[in-house]
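An overview of the molecular structure
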Number of protein chains: 2
Amino acid sequence: MFSFTITHRDGSARTGIISTSHGDIKTPAFIPVATKGTVKSLLPEQVEALGFDAILANTLHLHLQPGEAIVEKMGGLHSFSGWKKPLFTDSGGFQVFSLGEKRQVDDDGVTFTINGSPQRLTPESSMQIQRTLGADLIFAFDECLEKNADEATTKVSLARSHAWAVRSLAEFKILNSDGKQALYGIIQGGRFPELRAESARFISALDFEALAIGSIFGNPKTESLALVQPVMKILPEEKAKHLLGIGAVDDIFTYVELGLDTFDCVLPTRLARMGYAFIRPESGGKVENKFRLKMTAAFRDDGAPLDRHCACTVCTTFSRSYLWHLHKAKELSFYTLMTLHNLSFFSTLLEEIRGAIEKGEFVLLKKEWVERT
Amino acid sequence: MFSFTITHRDGSARTGIISTSHGDIKTPAFIPVATKGTVKSLLPEQVEALGFDAILANTLHLHLQPGEAIVEKMGGLHSFSGWKKPLFTDSGGFQVFSLGEKRQVDDDGVTFTINGSPQRLTPESSMQIQRTLGADLIFAFDECLEKNADEATTKVSLARSHAWAVRSLAEFKILNSDGKQALYGIIQGGRFPELRAESARFISALDFEALAIGSIFGNPKTESLALVQPVMKILPEEKAKHLLGIGAVDDIFTYVELGLDTFDCVLPTRLARMGYAFIRPESGGKVENKFRLKMTAAFRDDGAPLDRHCACTVCTTFSRSYLWHLHKAKELSFYTLMTLHNLSFFSTLLEEIRGAIEKGEFVLLKKEWVERT
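Residues numbered from 1 in each chain as written. Chains lettered and ligands numbered in written order. Predicted model: local features only at pLDDT ≥ 70, side-chain atom pairs only at ≥ 80, totals over all residues.

Another point: the sheet that holds strand S9 (residues 117–121) of chain B. Residue and element names in this part refer to chain B. Read across the open sheet, the three strands follow the order S7-S8-S9; overall the sheet is antiparallel. Looking at the sheet topology across the chains shown, the edges are occupied by strand S7 (101–105) and S9. Here the average twist between neighbouring strands, direction ignored, is 20°. Of the strand pairs in this sheet, strand S8 (residues 110–114) and S9 are connected by five bridges, and their pairing is antiparallel. In the sheet register, Val110 faces S9, and the bridge partner there is Leu121. (Pairing = 2+ DSSP bridges. Helix = DSSP H or I, 4+ residues; strand = E, 2+ residues; numbered from the N terminus. Axes fitted to C-alpha atoms, helices over the stretch in contact; angles between N-to-C directions.)

Here you go:
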């Protein structure tokens, strides 16, 4: 079962509800990444308590270890991981590109190695693995390219991704006769607006239940907005839309304004482990510093919380001094606390965005966040 | 404020309540170790939710980093660490012995180095540091010896530990004029029952609010029982008694039976991180296997929980297969989940022990746990 209902509109921005057999996702939503079936350093109950409705796990990682057969034997990824709410898996297309060595792409699929071990993924096998893992929301298998790939290369690749989209959908329809899963088609097209538009027309003409935009990089103001904007004008308004791998604060404002509904990104969790805390505008967070505060030795005797204007359990309980101490001591609880804070930042941000859209005040909120200096 | 009230007796075993200004400790109690001010891999709220009334932090570690002045500036160790309930610190005596390099003991104190940096602790400085850290329950500064130290060496050392006990107490009385903290005297005497008895007489004659037995090693049946038993006959019944660094399951039964009230040990947390799960007798835990199950590759596709007879959140949510996957993937949540399970095992064990004492059934419970084969 899958449905998407738009509940409020504010310009092109909208709130909505994605319904799955594991519950609802209030949109716009940030989806924390649980690469190997766990949001790094957190337990499922902690992720849920932060207010997240869904997480996204990586198909290739789980295929490599423990393997989808084990996950299936354990009752599927929900039961295996202890996450009871809606669950996404990606298709593996991006991970083949980012992790695969000796990649050889042919029209049927991709052959590559991981730590020397030979691997192959095709649209069909990606669908089969994702079916076996059992997430609610899954993605078509596509080809990802270098950010700066030229137009000729991108054209060839796009034709292939389109053929793979058709094959992904066909395989999905066979596997998903019970309607348990929903499949997202992915718009590609590199850095070429005309190819992006072509992809938007092609993918939206297919029978995908929801849509995603892949391979968007760079500063939204100067680079990626020009790629996403024409795509959004073509895609059917009523379908849920995911922006893959995006999660900077200004990105989220830019793309919510265009009508994107969900976002996944490793940034808040990865930066947490590296000692970066996200901070709100009231505490000096702005586009220029990417809303980030790097821990420094000045935290050593600083009794303030990470962010005075943050209401998360970390900021209401612990000082910068304690976090610095844990960081220096390499205590495991350091990673947990920083991750809790950063994910709380994004959970709260998206909650504020949904509230602003409901009140018709999205532009005002955007101004407060990304247009102050 | 400090008080200890015995609430039930069952032979020499007893239940009781240690009261501090941060709340009560129901005894017998296992006290998890929070070496550097955090129980490794857990947050304070998780430790509290497991049912623990108190934790124990290490004075020497906190003295070295961040230093007691920082902890004091942050409002003391409770506020710094986010642990709101009763808190112990040790004296540093054992850590000087286990971590100090180039140790030179003189009658006034100990000079040593840590990572090349020169350090010195005396009874007075240990009391001052512990006062500054601000735990509720603190320990006198003593000298710890090798397990196999000979009688002559032990005699000299014991005389020194006794002199240091007197000095610890004198310094404590100056610092603790507000009565916020309570000081435990420590019985030493190595592996010589007569020296242990001498120490018990000497320390119990001093004005300590509670008592502890230090440097107990080895199998309780064949080695350490003979050292603790005569001591317990000498110590005044009404005082709370702590056994330092002890926490094997059979140790706990042996010493609760003799009237010990509290125990601290890194075993459940350290073994958790190494992949050992504590298991109950119903699941095959026994003295011979130390109530431990080592994770193995056989867990890979094992859908059972760590312990079928354990009601902890880990065992009711996650399979051995998932834990093995997290272990292989070196995910931080692996350490958290294993620690939660192992500490839950000890929390439940001590709860069952208290319940058995209240019903006059301690010997029966001991039989079920440590006398089956």
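Overlaying chain A with chain B gives an RMSD of 0.0 Å, the required rotation being 180° about an axis along which the chain moves by 0.0 Å. Between the two chains, the operation in question is that of a two-fold axis. Identified as the residue of chain A closest to the rotation axis by C-alpha distance is Leu332 of chain A, at 3.6 Å. Of all interface residues in chain A, 100% are interface residues in chain B too; the two copies therefore contact each other through one and the same surface. (Least-squares fit on C-alpha atoms with pLDDT ≥ 70 in both. Contact = placed C-beta atoms within 7 Å.)

Residues and elements named next belong to chain A. For Leu133, the location among the structural elements is in helix H6 (residues 123–133). Taking the C-alpha atoms as reference points, Leu133 and Gly303, 170 residues apart in sequence, are found 45 Å from one another. If we ignore the near neighbours within four places in the chain, the residues touching Leu133 are Thr59, Leu62, Glu68, Val71, Gly76, Leu77 and Thr89.

All names here are of chain B. Relative to the helices and strands, Phe2 is located in strand S1 (residues 2–10). Here the alpha-carbon distance between Phe2 and Pro268, two residues 266 residues apart in the chain, equals 28 Å. Ignoring anything within four residues of it in the chain, the contact list for Phe2 reads Ser19, Thr20, Ala182 and Glu209.

The next point concerns the domain arrangement of chain A. Residue and element names in this part refer to chain A. Partitioning chain A into structural domains gives domain 1 (2–265) and domain 2 (273–370). Here domain 1 and domain 2 have C-alpha centroids that lie 27 Å from each other. Contact residues are listed per partner, giving 24 residues for domain 1 and 24 residues for domain 2. Residue assignment for the side of domain 1 that touches domain 2 shows that the elements contributing at least two residues are strand S1 (2–10), strand S2 (13–20), strand S4 (29–32) and helix H10 (249–258). Residue contributions to the side of domain 1 that touches domain 2 peak at five residues, all from H10. (Domains from an automatic or database assignment.)

What follows concerns the interface of chain A and chain B. At the interface, 32 residues of chain A touch 32 residues of chain B. When residues of the side of chain A that touches chain B are traced back to their parent elements, those giving at least two are helix H3 (68–73), helix H4 (77–81), helix H13 (320–328) and helix H14 (332–358) of chain A. When residues of the side of chain A that touches chain B are assigned to their parent elements, the largest contribution, five residues, is made by H13 of chain A. Tallied by class, residues from the side of chain A that touches chain B come to 12 nonpolar, 13 polar and seven charged. (Nonpolar A, V, L, I, M, F, W, Y, C, P; charged D, E, K, R; others polar.)

Moving on, we come to the environment of Asp10 of chain A. Residues and elements named next belong to chain A. Following the sequence through the fold, Asp10 ends up in strand S1. A count of 20 C-beta atoms within 10 Å places Asp10 in the buried class. Discounting residues that sit within four places of it in the chain, Asp10 has contacts with Ile357, Gly360 and Phe362. (Buried ≥ 20, exposed ≤ 12 C-beta atoms within 10 Å, placed from the backbone.)

Strand pairs in the sheet, formed through backbone hydrogen bonds, run parallel or antiparallel to each other. Residues and elements named next belong to chain A. Pairing within the open sheet is antiparallel, and its three strands lie in the order S7-S8-S9. If you trace the sheet from one side to the other, it starts and ends with strand S7 (101–105) and strand S9 (117–121), each paired once. Averaged over all pairs of adjacent strands, the angle between their axes in this sheet comes to 20°, without regard to strand direction. The pairing of S7 with strand S8 (residues 110–114) spans three bridges and is antiparallel. For Glu101, the partnering residue across the bridge sits in S8 and is Thr113.

Let's shift gears to the packing of helix H13 (residues 320–328) of chain B against helix H14 (residues 332–358) of chain B. Angle between the axes and distance between the axes: these two values describe a pair of packed helices. Residue and element names in this part refer to chain B. H14 packs onto H13 with a crossing angle of 135° between their chain directions and a minimal axis gap of 7 Å. Classified by the angle their axes make, H13 and H14 are oblique. Seen from above, H13 lies across H14 with left-handed handedness. Residues Leu323, Leu326 and His327 of H13 form the contact with H14, whose own contacting residues are Ser333, Phe334 and Leu337. For the contact of H13 with H14, the residue count by class is four nonpolar, two polar and no charged. (Parallel < 35°, antiparallel > 145°, perpendicular 65-115°, else oblique. Left-handed = near helix turned anticlockwise from the far one by under 90°.)

With that settled, consider unusual backbone geometry. Between Thr27 of chain A and the following residue, Pro28 of chain A, the backbone shows a cis peptide bond with an omega angle of -5°. With respect to the helices and strands, the residue Pro28 of chain A is situated in the loop between strand S3 (23–27) and S4. Cis geometry is found at the peptide bond from Gln65 of chain B to Pro66 of chain B, where omega equals 10°. Structurally, Pro66 of chain B is set in the loop between helix H2 (59–64) and helix H3 (68–73). A positive phi angle, near 55°, is found at Ser215 of chain A, a position not held by glycine. The residue Ser215 of chain A is located in the loop between strand S12 (210–213) and helix H9 (220–234) in this model. Using a count of 28 C-beta atoms within 10 Å as the deciding quantity, one classes Ser215 of chain A as buried. Although it is not a glycine, Lys330 of chain A adopts a positive phi angle of roughly 55°. Secondary-structure assignment places Lys330 of chain A in the loop between H13 and H14.

Residue and element names in this part refer to chain B. Across the two faces of strand S14 (residues 262–265) the burial is the same, with Thr262 and Asp264 and Phe263 and Cys265 all buried. Across four bridges, strand S4 (residues 29–32) lies against S14 in parallel orientation. Counted as the bridge partner of Pro32 is Cys265 from S14. Taken together, the two bridges between strand S13 (residues 241–243) and S14 define a ladder with parallel strand orientation. In the strand pairing of S14, Leu243 is matched with Phe263.

The side chains of a regular strand alternate, residue by residue, between the two faces of the sheet. Residue and element names in this part refer to chain B. A large share of strand S2 (residues 13–20) lies buried, amounting to six of its eight residues. Pairing geometry for S1 and S2, over eight bridges, is antiparallel. Among the inter-strand pairings, Ile6 is bridged to a residue of S2, identified as Gly16. The turn joining S1 and S2, which pair antiparallel and follow one another in sequence, is formed by two residues; a positive phi near 65° is taken by Gly11.

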